[in-house]
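In case you want the letters, here they are:
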Amino acid sequence: MSIATPPGGFDVVIVGSGISGSIIAYQLGKAGKKVLILEGGPPVPKSREAYLQTFFTANAKTPESPYPPVLQGAGSAGNPLGQPDPATLNTPRYTVLQIGAWQNPKQCYFVYGAQAAIAATDPQMTFAFGSSYERVAGGTTWHWLGTSLMHLPNDFQLKTKYGQGVDWPGGIAFYNQLLPYYRAASDVIGVSSDRDPMVDLYKTFNVQPSGVYGPNYDFPMPGIVMSLNDALYQQKVTSLKVDGIPLFVTPTPQGRNSRPGKRRQCAGNTNCIPICPIQAKYDGTVTLAEALQTGNVQIQYQTVASNIRLSGSQVSGIDYLTYDTQTGPVSGRGTAVGKRYILAAHAIETPKLLLMSNGNPGFPNGVANGSGQVGRNLMDHVMYLAWGLAKDPIYAFRGPLSTSGIEAARDGAFRSQRAAYRIEIGNEGWNWAANDPNTTLADFVFGQNNSQLNGNSVNAQGQKLRFDPNLPAFSQLYGSKLVQTLNGVYIRQLRLGYLIEQLPDPDNRVTLSTQYKDHLGLPRPQVTYRIREDYVRNAFVSAKQVSTQIFQALGATEYTMPPADAVLSGSGASSSTFRYQGQNFVFYGAGHIIGTYRMGSSAANSVLNARQQSWDHENLYMVGSGVFPTTATANPTLTIAALALQAADNVLKDLG
């Protein structure tokens, strides 16, 4: 389908149709502006059944497993997961399965340098980045969790308040300006939450109920019912403190319907990641459809932006390549022209496009890169996982993946010494932590002990971990005894996840590989990623200690398994294990790719101003979590949506 240029041309060209691009397109379309979206991935399917079938038949139920490109083949000795060579794909993306192959660019889209550290205690140790994303219409919200929390006031002034990282431009003033957009973002997503618990929570962080989360505001839908899992924590953790801060459980605001509306009511499927089978959970396709229905928004699928053209200091067009099939040749090319341009292609593909656009006179380091900051400060919420077994059944594997959290440690004076974190309470048993139900099933069928439930394992507290002490170690069960044992285990499984804030590090960055390209001939991202601040590593130590205290308070038995010593070289090089204060830690990605084109108060050390507008090119905007100067403490999607709404207003003001 060719582009139908309207009389007078397009007002705005947007690259990417995820939540940010779709929200802006909808706001502009409603205002009568003519918008063109370039989307590298395929169209939104008429039914999600095809994606569901792909998910059902996937061997590994990873966040990306339902979505194209899915070209996993038969495994081999050197490629046990049968992963496709990214060089053969037109829109390859980084996946969780690629993390283990991070040193092999024939199986991993990201290109990494060789490990330079000589010990796992070395802060210069490099790792595989832990989080992935999608390159399809609707973006990564296809597989987001749905958590819809605000950042806290002090998240915007981390440098001023605690001497760490940087402030957001304007600090606390930025927070105050964003508040009405947070409320609007909750309406766009359709957040389900009960008002009173949130008012009580935010009061502990000195957020006054001024009408944003106070008596004059309520969420679009009532909260999702808490799980039995949540109730156990709610009853038991109030006896604990972290750094002098009392712990308590708060229901988590969620982007999923708690009652029927424009979408179905949540039915408690525990596979929100990778895909909600009934679209009770919001995703970017909801707003994309609304944008297209304005009649003012066009979208071109399978159209990959390849270069940004400049005329003087103004963007004059975006070059693109088209393809018909994922492994086929380039089928077309052209240049999209508008009055304003918005990059909404995520925190990896956006800096890649900016850096690729290095042929414009006067901008040899790429577009919008006068500061040299494009691609730098790549961050995530690095996660510490802990898991245990409750004394009594809490019936895991029911409900959304997480319905409550412990938020008290998201801010406090401790942030001058260690990173803050929020504690997510998981409803999915040991699925993430230990690949259950598969691992435990295999243990009791084949007489193994990978779960620590069927052998002679002892935890750090000296507790014996064999589930049934009346069974011999390494039992091989069948029939009713197997079913009875598995049921006894699965319904007691507990999981905690700590979303630890990461500081901006200019050496954590996305650059362009000079050697490896995708099938369109575009350079692939070269990624350098470390966790070298004691500030962040101290939070892992704290999380480990707090987990043990929480499980003891619950009367549960902790099964958290410390990782083996890191391997520094070879094909089996450790991707995410480090050693700190005499302990081994492994981190996981939260799926939150942050930084790489951050906002700031100075053109010397940031890519964008507080309007999310390029310092170098006034008709160029960027949105998404790449604009965040710091990770802050909340899952980022509600803030991404709020910032997109704010950027839409800024663009409308520019257009007049």
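Here's a quick rundown of the structure. (Residues numbered from 1 in each chain as written. Predicted model: local features only at pLDDT ≥ 70, side-chain atom pairs only at ≥ 80, totals over all residues. Heavy atoms only, no water.)

A short note on the overall build of the chain
We apply this condition: Helix and strand assignments follow DSSP, with helices taken as H or I runs no shorter than four residues and strands as E runs no shorter than two, numbered in order from the N terminus. Note on method: radius of gyration uses C-alpha positions; expected globular size equals 2.2 Å times residues raised to 0.38. Contacts are assigned to residue pairs with any non-hydrogen atoms lying within 4.5 Å of each other. All accessible areas in this document rest on Shrake-Rupley with a 1.4 Å probe, and a residue is counted as covered only by the protein chains that are shown. Counted as positive: Lys and Arg. Counted as negative: Asp and Glu. His and the chain ends are not counted at all. Throughout, a charge is located at the NZ atom of Lys, the CZ atom of Arg, the CG atom of Asp or the CD atom of Glu.
Helix and strand counts for the chain stand at 13 helices and 20 strands. Taking 26 Å as the expected radius of gyration for a compact globule of 656 residues, we find that the chain reaches 24 Å, a close match to that expectation. Once the C-alpha set of the chain is aligned to its principal axes, its extents read approximately 80 × 60 × 50 Å. In the chain, 72% of the contacts between residues at least 6 apart in sequence involve partners at least 24 apart. For the chain, the exposed area adds up to about 23,700 Å²; of that, 51% sits on carbon and sulfur atoms. The averaged location of the 42 negative side-chain charges in the chain is 2 Å from the averaged location of its 50 positive side-chain charges.

So, the side chain of Asn79
This is how it is decided: Using a 1.4 Å probe on the protein chains alone, a residue whose accessible area is under 20% of its type maximum counts as buried, one over 50% counts as exposed, and one in between counts as partly exposed.
Position of Asn79 relative to the elements: it lies in the loop between helix H2 (49–57) and helix H3 (158–162). Relative accessible area serves as the criterion here: at 13%, Asn79 is assigned to the buried category. Dropping the residues within four chain positions of it, Asn79 is found in contact with Ala74 and Gln107.

Quick word on helix H10 (residues 438–446)
For clarity, the cut-off: Picture the helix axis, draw a direction to every C-beta atom, and the arc is the one those directions span.
Within H10, burial applies to Thr439, Thr440, Asp443 and Phe444. One side of H10 carries all its buried residues, which in axial view fall inside an arc of 120°. Its buried side turned inward, H10 meets helix H9 (431–434), helix H11 (479–490) and strand E14 (493–500). A positive phi of about 75° marks Gly447, the residue just after H10.

Side note on helix H13 (residues 637–655)
Inclusion rule: Here the expected length of a helix is defined as 1.5 Å per residue gap, with one fewer gap than residues.
Taking 1.5 Å per residue as the helical rise, H13 with its 19 residues ought to reach 27 Å, and the 27 Å between its terminal C-alpha atoms agrees with that figure. Counted residue by residue, H13 has 14 buried out of 19 residues, so it is predominantly covered.

Comments concerning unusual backbone geometry
Note the cis peptide between Pro68 and Pro69, where omega equals 0°. Of note, Pro69 is situated in the loop between H2 and H3. Note that the residue after Ile273, namely Pro274, is joined by a cis bond; omega there is 15°. As for its position among the elements, Pro274 is in the loop between strand E5 (250–251) and helix H7 (284–293). Phi at Gln279 is positive, roughly 55°, even though this residue is not glycine. In this fold, Gln279 is placed in the loop between E5 and H7.

What about the sheet that holds E5?
Rules: DSSP bridges decide pairing: two strands pair if at least two such bridges lie between them.
Reading across from one edge, E5-E12-E13-E14-E11-E17 is the order of the six strands in this open sheet, with antiparallel pairing throughout. Edge strands, defined here as strands with exactly one partner in the open sheet, are E5 and strand E17 (557–558). Pairing analysis gives two bridges linking E5 to strand E12 (residues 402–406), with the strands arranged antiparallel. Each residue of the ladder has a partner; that of Thr250, found in E12, is Gly405.

Topic: the pairing of strand E19 (residues 583–586)
Across four bridges, strand E18 (residues 577–580) lies against E19 in antiparallel orientation. From the neighbouring strand, Phe578 faces E19, where its bridge partner is Phe585. Here E18 hands over to E19 after two residues, with Gln581 in that stretch at a positive phi of 50°.

What to know about the pattern of salt bridges
When their charged atoms lie close together, side chains carrying opposite charge are able to pair. We apply this condition: By salt bridge we mean one thing: a side-chain nitrogen of Lys or Arg within 4 Å of a carboxyl oxygen of Asp or Glu.
Evaluated as defined, the whole model comprises 20 salt bridges. The salt bridge partner of Arg195 is Asp196, with a shortest N-O separation of 3.4 Å. Notably, a salt bridge pairs Arg309 with Asp319, separated by 2.7 Å at the nearest N-O pair. Here Arg309 is found in strand E7 (residues 303–311), whereas its partner Asp319 is found in strand E8 (residues 314–323), with ten residues between them in sequence. Given the relative accessible area of 13%, Asp319 is considered buried.

Brief notes about the sheet that holds strand E9 (residues 330–336)
Under the convention used in this document: Axis definition: a line fitted to C-alpha atoms, limited for helices to the stretch in contact. Angles are taken between N-to-C directions and run from 0 to 180 degrees.
Across the sheet, three strands lie side by side as E7-E8-E9; this open sheet has antiparallel pairing. A single partner strand is all that each edge strand has here, and the edge strands are E7 and E9. The mean angle between the axes of side-by-side strands here comes to 20°, regardless of whether they run parallel or antiparallel.

Overview of the packing of H10 against H11
Operational definition: Note that the term roughly parallel is reserved for angles under 35 degrees, roughly antiparallel for angles over 145, roughly perpendicular for angles of 65 to 115, and oblique for everything else. Handedness of each helix crossing follows the sense of rotation of the near helix against the far helix: counterclockwise by less than a right angle gives left-handed, clockwise gives right-handed. When residue character is reported, Ala, Val, Leu, Ile, Met, Phe, Trp, Tyr, Cys and Pro are called nonpolar, Asp, Glu, Lys and Arg charged, and the others, Gly included, polar.
Interaxial distance between H10 and H11 falls to 11 Å at its minimum, and their mutual angle equals 150°. Judged on the interaxial angle alone, H11 and H10 are roughly antiparallel. In this structure, H10 meets H11 at a crossing whose hand is right-handed. The segment H10 lies against H11, with Thr440, Leu441, Phe444 and Val445 engaging Leu482, Thr485, Leu486, Val489 and Tyr490. A class-by-class count of the residues in the contact of H10 with H11 yields seven nonpolar, two polar and no charged.

What to know about the packing of helix H1 (residues 19–30) against H13
Relative to each other, H1 and H13 sit at 35°, their axes nearing to 9 Å. For the pair H1 and H13, the crossing hand works out as right-handed. On the side of H1, the interface is formed by Ile19, Ser20, Ile23, Ile24, Gln27 and Leu28, while H13 contributes Thr637, Ile640, Ala641, Ala644, Leu645, Ala647, Ala648, Val651 and Leu652.

Things to note about the environment of Thr238
Inspection of the secondary structure assignment puts Thr238 in the loop between helix H6 (228–236) and strand E3 (241–242). Note on Thr238: relative accessible area 51%, which makes it exposed. It is 9.2 Å that separates the C-alpha atoms of Thr238 and Ala553, two residues lying 315 residues apart in sequence.

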